[in-house]
Amino acid sequence: WRTPWRSNLLFMIFVSLFSAFMPIQVLGEMTSIGTLFAFVIVCIGIVIMRKTHPQTPRPFRRYLLVTALFAIGNSSDVFLLLRARQVGFQDTEVFILYALFNAVAVLSAYPAGTLSDKIGRRTVLTAGFLVFSAVYAGFGWALHAAWLWPLYAAYGLYNGMTQGMARAYAVDLAGPEHRATALG
């Protein structure tokens, strides 16, 4: 149950380099379409799983439903970058904010995984979702650029607490016979 910090780090580097050379409006359009497509795929996957794998444990199916509903409320990260532009950040500063988010996410993933081994994945995952809720409220209320630095750091903490944890918890709920299906 190790947290995939290496893949997160590589992904952070790739996304950072890609976004550094792409206009922010194009990134926003690409991400919005990608988020919608991913949500549709998840919904189709849940319907297919219910038909083809009815023996899948109920707690796992309930978890999928809850995380799908949570995904509906989750906006694309690009909207948060656009929010940074709205409150006065320049393009280079937005890039630094996003790098801060990714750095905190990578640095917090391993400690969050270690903590989940001690107090349980569900507890850490729930705490991560609470951090997410507070951060999104903060983004809505942020009137000054200075507020976004701690908000982006906290958003990175949410990411580090939930990304690997959500996968590990799904595997826990699905049981050993459905492990590959859970990661799927």
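Below you will find a few notes about this structure. (Residues numbered from 1 in each chain as written. Predicted model: local features only at pLDDT ≥ 70, side-chain atom pairs only at ≥ 80, totals over all residues. Heavy atoms only, no water.)

## Things to note about helix H5 (residues 91–119)
End to end, H5 covers 40 Å across 29 residues, agreeing with the expected 42 Å (1.5 Å per residue, within 8%). If you check which residues of H5 are buried, you get Val94, Leu97, Tyr98, Phe101, Asn102, Ala105, Val106, Ser108, Ala109, Ala112, Gly113 and Ser116. Gly120 lies just past H5 and shows a positive phi near 105 degrees. (Helix = DSSP H or I, 4+ residues; strand = E, 2+ residues; numbered from the N terminus. Expected span 1.5 Å × (residues − 1). Buried < 20%, exposed > 50% of the residue type's maximum accessible area, 1.4 Å probe, protein only.)

## Observations concerning the pattern of salt bridges
A complete count under the given rule lists 3 salt bridges for this structure. The shortest N-O distance in the salt bridge between Asp91 and Arg85 comes to 2.1 Å. Here Arg121 makes a salt bridge to Asp117, at a shortest N to O gap of 3.5 Å. You can call Asp117 exposed: its relative accessible area is 52%. If you follow the salt bridges from partner to partner, you end up with Asp117, Arg121 and Asp172 in one network. (Salt bridge = Lys/Arg side-chain N within 4 Å of Asp/Glu carboxyl O.)

## Observations concerning the environment of Phe11
By secondary structure assignment, the location of Phe11 is in helix H1 (residues 5–20). For Phe11, a relative accessible area of 53% corresponds to the exposed category. Sequence separation between Phe11 and Val106 is 95 residues, and the spatial gap between their C-alpha atoms is 10.0 Å.

## Description of the side chain of Thr162
Here Thr162 lies in helix H7 (residues 145–174). On the basis of relative accessible area, Thr162 is assigned to the buried category, the value being 3%. In this structure Thr162 touches Leu125, Gly128 and Phe129, once residues within four positions along its chain are discounted. (Contact = heavy atoms within 4.5 Å.)

## What about helix H4 (residues 77–86)?
Turning to H4, its buried residues are Val78, Leu80, Leu81, Arg83 and Ala84. Where H4 terminates, the next one or two residues include Gly88, which has phi positive at roughly 115 degrees.

## Some points on the packing of H4 against H7
Here H4 crosses H7 at 170 degrees, and the two axes come no closer than 12 Å. The pairing of H4 with H7 is recorded here as roughly antiparallel in orientation. Contacts from Asp77, Leu80, Leu81, Arg83 and Ala84 in H4 reach Leu148, Tyr152 and Tyr155 in H7. Along the lines of polarity and charge, the residues of the contact of H4 with H7 split into 6 nonpolar, no polar and 2 charged. (Axes fitted to C-alpha atoms, helices over the stretch in contact; angles between N-to-C directions. Parallel < 35°, antiparallel > 145°, perpendicular 65-115°, else oblique. Nonpolar A, V, L, I, M, F, W, Y, C, P; charged D, E, K, R; others polar.)

## Observations concerning a positive patch on the surface
Side chains of Arg50, Lys51, Arg58, Arg62 and Arg122 sit close together on the surface and give a patch of like positive charge. Listed by contribution, the elements that provide at least two residues to the positive patch are helix H2 (24–52) and helix H3 (58–73). Positionally, Lys51 belongs in helix H2. Accessibility expressed as a relative area gives 68% for Lys51, which makes it exposed. (Patch = residues over 30% accessible without salt bridge, like charges linked within 9 Å, V, L, I, M, F, W, Y side chains within 5 Å. Areas by Shrake-Rupley, 256 points an atom, 1.4 Å probe, with all protein chains shown as cover. Lys, Arg positive; Asp, Glu negative; His and termini not counted. Charge placed at Lys NZ, Arg CZ, Asp CG, Glu CD.)

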